[in-house]
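This is what each chain is made of:
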Amino acid sequence: MREGLVVCDADDVVRHVSPVAERLLPEVTAGQPLAVAAVPGLLSGDFTHHGRRLRSRRVALSSGRSCWYVEDVTETASRADALLAERARSAFLAVVGEKLGNPLHPDRAASAVVRLAVPTLGEVAVLVLAPRAGRARWWRASLADDETPVVDNGVVSVADLPPAVVHGLDGAEPHAVDWLVEQAVEAGWLPGLTSADACARVVPLPGRDVPAGVLLVARRAARWYEDADVDLVRAFAARAGAALTTALLYRDQAEVADTLQASLLPVEPAEATGVQWGTAYRPARGGLRIGGDFYGSHRLTDGGSLFFLGDVSGKGVEAAVFTGQLRQCLHALHRVETNPGRLLKLLNDALLETTQVYDRGRFATMVVGVVRPCRDGGVTLTLAGGGHLPPLVLRNSGEVEQVPLRGMLVGVVPDPRVGEQTVHLDAGETCLLYSDGVTEARGGRRGHEQFGTDRLVTAVTGCQRMPAPALAERIEQVTCDWLADGDHDDIAVLALRATGPAGRTPRHLHAVPDRATTDEEREAPA
Amino acid sequence: MTFSVTYAERDGDTARLRLSGELDLSTAAELNAVLDRLAAAGAHRFLVDLSDLTFCDSTGIAAFVRADNRAAARGGWLRLTGATGRVHRVLQVTGLAEVLRHDSDTGNPV
């Protein structure tokens with residue numbers, strides 16, 4: 001029988017004590033009033049006596065007598081406590097898993113780890129990331145007066161790391177007796193705690209091959225880290241390690257992607273004598289920042305410059321990679337061939353070979369030109385067309401001409417017909433190359449109408465005195481204004497303006513200053 | 001206007017297709033699928049009527065070029081007829097009108 005019995009008479013004098021009751025309440029003896037035994041808490045029904053959790057209840061018997069039932073519930077209670085604690089730990093880990101679940105930037109992940117560790121795991125949590133180049137970054141959360149954790153971070157040289165942390169970074173879990181608190185206090189990581197009144201634990205955060213970092217938690221010695229606590233710290237560390245590893249991996253991949261992406265962006269045209277360049281570039285998938293349009297220029301040894309603008313079939317990354325191949329081809333080919341028409345044919349042959357390998361119907365449309373300065377301050381353009389929209393020329397007279405440049409797609413047939421034209425620009429005149437993202441932009445009043453060449457010509461009419469960068473920007477602007485829903489094809493514009501003698505651009509009120517302009521105003525010859 | 005491909009009974013090795021609507025990134029896959037299906041069934045000459053096609057972008061051009069390349073590998077071809085308006089202009093600008101021109105007199109394009 002687990003329950004003890006104490007029977008009292010009408011005067012509350014103990015008349016009987018069962019063996020179980022004798023063990024639980026040794027003070028109670030038969031023949032004496034119950035009050036003499038003075039068992040604290042007996043009347044409350046739930047109390048701790050001699051280290052045991054007891055539960056009591058009084059039952060009235062006949063003739064004013066009564067009976068006390070006393071039960072030892074120590075084990076039941078501690079099982080319930082353990083269950084509650086386990087639930088709290090599971091809930092804590094669930095929150096941690098949720099908060100760290102998304103791939104965060106490594107810095108934000110590190111900050112989140114220490115913030116989540118406080119106060120459940122300690123009053124102070126320090127995360128030391130695996131060192132890079134001899135330096136380790138750390139994040140710390142400590143409980144402030146108003147119970148909200150304050151997070152700060154810093155960098156420490158590997159030589160100055162506490163030995164326990166170094167040990168942890170090697171994957172070992174330093175034992176509590178290894179003077180962890182002293183090391184942490186010495187490192188200056190435990191504000192408001194001294195080695196005398198604190199206890200600490202250090203656990204490695206599992207990474208891919210080696211630990212991603214080390215977590216140090218500390219709190220006042222009033223609550224020692226018991227086995228269950230240490231298990232919780234380890235479970236937390238496992239989740240934190242996984243989150244950090246993902247974030248680091250994600251950052252590494254993002255770095256690779258950024259590098260590749262940067263290599264696929266058009267390079268601004270190189271400065272050239274007698275020429276002012278203007279460009280605009282707006283890829284269809286803005287988030288990617290890259291697309292299937294491309295432009296660029298290369299300086300030639302004879303003082304001229306090769307320039308090009310084009311568009312490849314397809315969209316997005318695949319198209320951008322193709323433009324990268326094209327630009328590299330042109331980069332190499334212009335050293336052996338500077339005639340635009342022949343260059344385009346060489347490029348066609350090179351592309352045809354790779355296109356047949358890929359079998360994707362890949363091709364490009366483009367305009368390639370060479371610009372050479374003339375004695376009169378103007379420039380001569382030799383243009384070759386590869387199935388691209390013909391360039392526009394803004395004359396000083398205000399007229400806008402379309403260069404009658406024909407030609408075939410590049411990379412489709414062997415020995416394509418390449419159109420060639422020679423154009424002379426007087427000082428102040430501009431040649432405009434653009435992609436079909438401009439003329440095929442859909443919008444307008446009905447939302448589905450194409451912008452078209454006519455509207456483009458209207459938009460640039462009267463802009464003959466604009467500097468090239470402003471003109472390119474204006475075309476991008478009017479195109480985007482036209483677009484109904486922001487959804488558009490890649491847009492690229494390359495404007496080339498003859499700057500006149502001495503390399504000075506006739507200035508316009510809205511001129512954007514650039515290196516080619518000087519303070520002296522100089523009007524173009526009419 | 002939505003895009004559609006219709007094709008008549010095959011005349012020997014030649015498949016006749018008729019496109020209508022707008023051929024762009026969102027619809028070119030449909031054309032590619034039809035061309036591939038016909039090619040798999042043995043056709044290697046494709047005559048594509050563009051009379052009712054109102055728009056064609058570079059993705060559409062790519063579909064024509066790809067199918068012509070594939071057909072050429074088997075001794076066949078793909079030719080375009082009937083382009084008007086904007087589609088005609090795109091074919092002119094890209095020079096594709098010349099490459100994929102159908103010579104109706106001989107039925108045997110270069």
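Because the structure is predicted, anything quoted here is derived from the model rather than measured.

**Quick look at the overall build of chain A**
Part 1 of the argument: For chain A, the count of helices and strands is 12 helices and 22 strands.
Part 2 of the argument: The buried share of chain A, taken over its 526 residues, is 43%.

**Looking at the nonpolar core**
Part 1 of the argument: In this structure, V460 and A492 of chain A together with F46 of chain B are the most contacted members of the largest nonpolar core, which totals 105 residues.
Part 2 of the argument: Apart from the residues lying within four places of it in its own chain, the contact partners of A492 of chain A are A280, Y281, D293, F294, Y295, L309, Y434, S435 and G437 of chain A.
Part 3 of the argument: By size, the runner-up hydrophobic cluster in this structure holds 54 residues, among which are L100, V124, A184 and A198 of chain A.

**Focus: the interface of chain B and chain A**
Part 1 of the argument: Opposite the 16 residues of chain B that make contact, chain A presents 19 residues.
Part 2 of the argument: Contributing elements (two or more residues each) for the side of chain B that touches chain A: α2 (58-73), α3 (85-94) and α4 (96-99) of chain B.
Part 3 of the argument: Take the side of chain B that touches chain A: its biggest share by element is 8 residues, from α2 of chain B.
Part 4 of the argument: Residues belonging to the side of chain B that touches chain A are distributed by class as follows: 8 nonpolar, 5 polar and 3 charged.

**Some words on the sheet that holds strand β1 (residues 4-7) of chain B**
All names here are of chain B.
Part 1 of the argument: If you trace the 4 strands from one edge of the open sheet to the other, you get β1-β2-β3-β4, paired in mixed fashion. One side of each edge strand has no neighbouring strand; the edge strands of this open sheet are β1 and β4 (77-81). Averaged over neighbouring strand pairs, the angle between their axes works out to 25 degrees when direction is ignored.
Part 2 of the argument: Note: strand β2 (residues 14-23) against strand β3 (residues 45-56), 9 bridges, orientation parallel.

**What to know about the sheet that holds strand β14 (residues 364-373) of chain A**
Residues and elements named next belong to chain A.
Part 1 of the argument: Reading across from one edge, β12-β13-β14-β15-β18 is the order of the 5 strands in this open sheet, with antiparallel pairing throughout. Each of the sheet's edge strands pairs with one partner strand only, and the pair in question is β12 (293-299) and β18 (419-425). Strand-to-strand twist of the sheet, defined as the mean angle between neighbouring strand axes without regard to direction, takes the value 15 degrees.

**Side note on the pairing of strand β13 (residues 305-312) of chain A**
Residue and element names in this part refer to chain A.
Part 1 of the argument: Along β13, 8 of the 8 residues are buried, which leaves the element largely enclosed by surrounding structure.
Part 2 of the argument: Because side chains alternate across β13, one face comprises the buried residues S305, F307, L309 and D311, and the other comprises L306, F308, G310 and V312, equally buried.
Part 3 of the argument: As paired strands, β12 and β13 are joined by 7 bridges and run antiparallel to one another. Residue pairing for β13: G296 is matched across the bridge by F308.
Part 4 of the argument: The hairpin turn running from β12 into β13, its antiparallel successor, is 5 residues long, and G303 in that turn takes a positive phi close to 95 degrees.
Part 5 of the argument: For β13 and β14, the ladder comprises 8 bridges, and the chain directions are antiparallel. Counterpart to S305 in the pairing with β14 is V371.

**What to know about the packing of helix α1 (residues 28-40) of chain B against α2 of chain B**
All names here are of chain B.
Part 1 of the argument: Contact geometry of α1 with α2 gives a least axis separation of 9 Å together with a crossing angle of 15 degrees. With respect to their mutual orientation, α1 and α2 come out roughly parallel. Of the two possible hands of crossing, α1 and α2 adopt the one that is right-handed. Residues A28, L31, N32, L35 and A39 of α1 lie in contact with α2, whose contacting residues are T59, G60, A63, A67 and R70.
Part 2 of the argument: Residues belonging to the contact of α1 with α2 are distributed by class as follows: 6 nonpolar, 3 polar and 1 charged.

**A few points about the confidence of the model for chain A**
Close inspection of predicted coordinates is inappropriate for parts of the model with low pLDDT.
Part 1 of the argument: Averaged over chain A, the pLDDT score is 85; the fraction of residues at 70 or greater is 92%.
Part 2 of the argument: Segment residues 508-526 of chain A: pLDDT under 50, and 34 contacts once partners within four positions in sequence are set aside and those in other chains are kept.

**Topic: the pairing of β3 of chain B**
Residues and elements named next belong to chain B.
Part 1 of the argument: The parallel pair β2 and β3 is bridged by α1, and the resulting crossover is right-handed.
Part 2 of the argument: Judged from the 5 bridges that link them, β3 and β4 form a sheet pairing that is parallel. Paired with F46 across the two strands is L78, which belongs to β4.
Part 3 of the argument: Regarding topology, α2 serves as the crossover connection from β3 to the parallel β4, and that connection is right-handed.

**What to know about α2 of chain B**
Residue and element names in this part refer to chain B.
Part 1 of the argument: Spanning 16 residues, α2 covers 22 Å between terminal C-alpha atoms, matching the ideal 22 Å at 1.5 Å per step.
Part 2 of the argument: Burial within α2 is extensive, with 12 of its 16 residues counted as buried.
Part 3 of the argument: Regarding α2, the residues found buried are S58, T59, G60, I61, A62, A63, F64, V65, R66, A67, D68 and A71.
Part 4 of the argument: Backbone geometry just downstream of α2 places G75 in the positive-phi region, at approximately 80 degrees.

Analysis parameters
Numbering of residues begins from 1 in every chain and follows the order in which that chain's sequence is written. Labels are handed out in written order, letters beginning with A for the chains and numbers beginning with 1 for the ligands. Owing to the predicted nature of the model, reporting of local features is limited to residues with pLDDT of at least 70; listing and counting of side-chain atom pairs is limited to 80 or more, with chain, interface and lining totals taken over all residues. Strands are runs of DSSP state E lasting at least two residues, helices are runs of H or I lasting at least four, and both sets are numbered from the N terminus onward. With C-beta atoms placed from the backbone, a residue counts as buried when 20 or more other C-beta atoms lie within 10 Å of its own, as exposed when 12 or fewer do, and as partly exposed for counts between those limits. For the purposes of this analysis, a nonpolar core is taken to be any set of buried Ala, Val, Leu, Ile, Met, Phe, Trp, Tyr and Cys residues that are connected through C-beta atoms within 7 Å. Note on contacts: each residue gets a C-beta atom placed from the backbone, and two residues are in contact if those atoms are within 7 Å. Residue classes follow a fixed rule: Ala, Val, Leu, Ile, Met, Phe, Trp, Tyr, Cys and Pro count as nonpolar, while Asp, Glu, Lys and Arg count as charged, and any other residue, Gly among them, counts as polar. For two strands to count as paired, DSSP must find a minimum of two bridges between them. Axis lines are fitted through C-alpha atoms, for helices just across the contact stretch, and the angle between N-to-C directions can take any value from 0 to 180 degrees. For classification, angles of less than 35 degrees are called roughly parallel, those exceeding 145 degrees roughly antiparallel, those between 65 and 115 degrees roughly perpendicular, and all remaining angles oblique. Crossings are sorted by hand: turned counterclockwise from the far helix by less than a right angle, the near helix makes the crossing left-handed, and turned clockwise it makes it right-handed. The predictor's confidence in any single residue is recorded as pLDDT, a number from 0 to 100. We call a crossover right-handed when, viewed with the strands running away from us, the connection from the first strand over the helix to the second turns clockwise. Helix span, expected: 1.5 Å multiplied by one less than the number of residues in the helix.

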